[in-house]
Amino acid sequence: MRSYTAVVEKCPDTGLYVGYISGFPGAHSQAETLDELNANLTEVVAMILEDDHEPAMSAEFVGTQTVSVP
């Protein structure tokens, strides 16, 4: 089993959760709940991987960072 880190945001205009997997072209979705978003992203990644090979990641998720501005 492979695991990927999804970046998740909530759209203030629609109230939908929007998620994507950083560096994984085409791996993005949206949903009304976090559980639904996870299921959608799982389905998207499975479809991308159907070709029996993993696409080259264009970036690697490292983490988040707090930026303080005076």
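The preceding data block contains the structure.
Below, the structure is looked at part by part. Everything quoted here is computed from the prediction, not taken from an experiment. (Residues numbered from 1 in each chain as written. Predicted model: local features only at pLDDT ≥ 70, side-chain atom pairs only at ≥ 80, totals over all residues. Heavy atoms only, no water.)

1. Digging into the environment of Phe61
No. 1: Secondary-structure assignment places Phe61 in the segment after helix H1 (34-48).
No. 2: In this structure, the C-alpha to C-alpha distance between Phe61 and Ala6, residues 55 residues apart in sequence, is 8.7 Å. (Helix = DSSP H or I, 4+ residues; strand = E, 2+ residues; numbered from the N terminus.)

2. Concerning the packing of aromatic side chains
No. 1: Per the stated rule, a full pass over the model turns up one aromatic pair.
No. 2: Where Tyr4 meets Phe24, the ring centres are 5.2 Å apart and the plane angle is 75°; that geometry is what we call edge-to-face. Here the residue Tyr4 occupies a position in the segment before strand E1 (6-10), and Phe24 occupies one in the loop between strand E2 (17-21) and strand E3 (28-31), the gap between them amounting to 20 residues.
No. 3: A residue is classified by how much of its surface remains accessible, and Phe24, at 3% relative accessible area, is buried. (Phe/Tyr/Trp six-rings, centres within 6.5 Å; stacked < 30°, edge-to-face > 60°. Buried < 20%, exposed > 50% of the residue type's maximum accessible area, 1.4 Å probe, protein only.)

3. A look at the environment of Glu43
No. 1: Assignment of secondary structure puts Glu43 in helix H1.
No. 2: For Glu43 and Ala27, which are 16 residues apart along the polypeptide, the C-alpha to C-alpha distance reads 9.5 Å.

4. Describing the sheet that holds E2
The pairing of strands in a sheet happens through backbone hydrogen bonds and is either parallel or antiparallel.
No. 1: Sheet architecture is open: three strands sit in the order E1-E2-E3, paired in antiparallel fashion. Edge strands, defined here as strands with exactly one partner in the open sheet, are E1 and E3. Adjacent strand axes in the sheet meet at a mean angle of 20° when their direction is disregarded.
No. 2: Pairing analysis gives five bridges linking E1 to E2, with the strands arranged antiparallel. If you follow Val7 over to E2, its bridge partner there is Tyr20.
No. 3: The sheet strands contacting H1 are E1, E2 and E3, and the helix crosses E3 at an angle near 155°. (Pairing = 2+ DSSP bridges. Axes fitted to C-alpha atoms, helices over the stretch in contact; angles between N-to-C directions. Contact = heavy atoms within 4.5 Å.)

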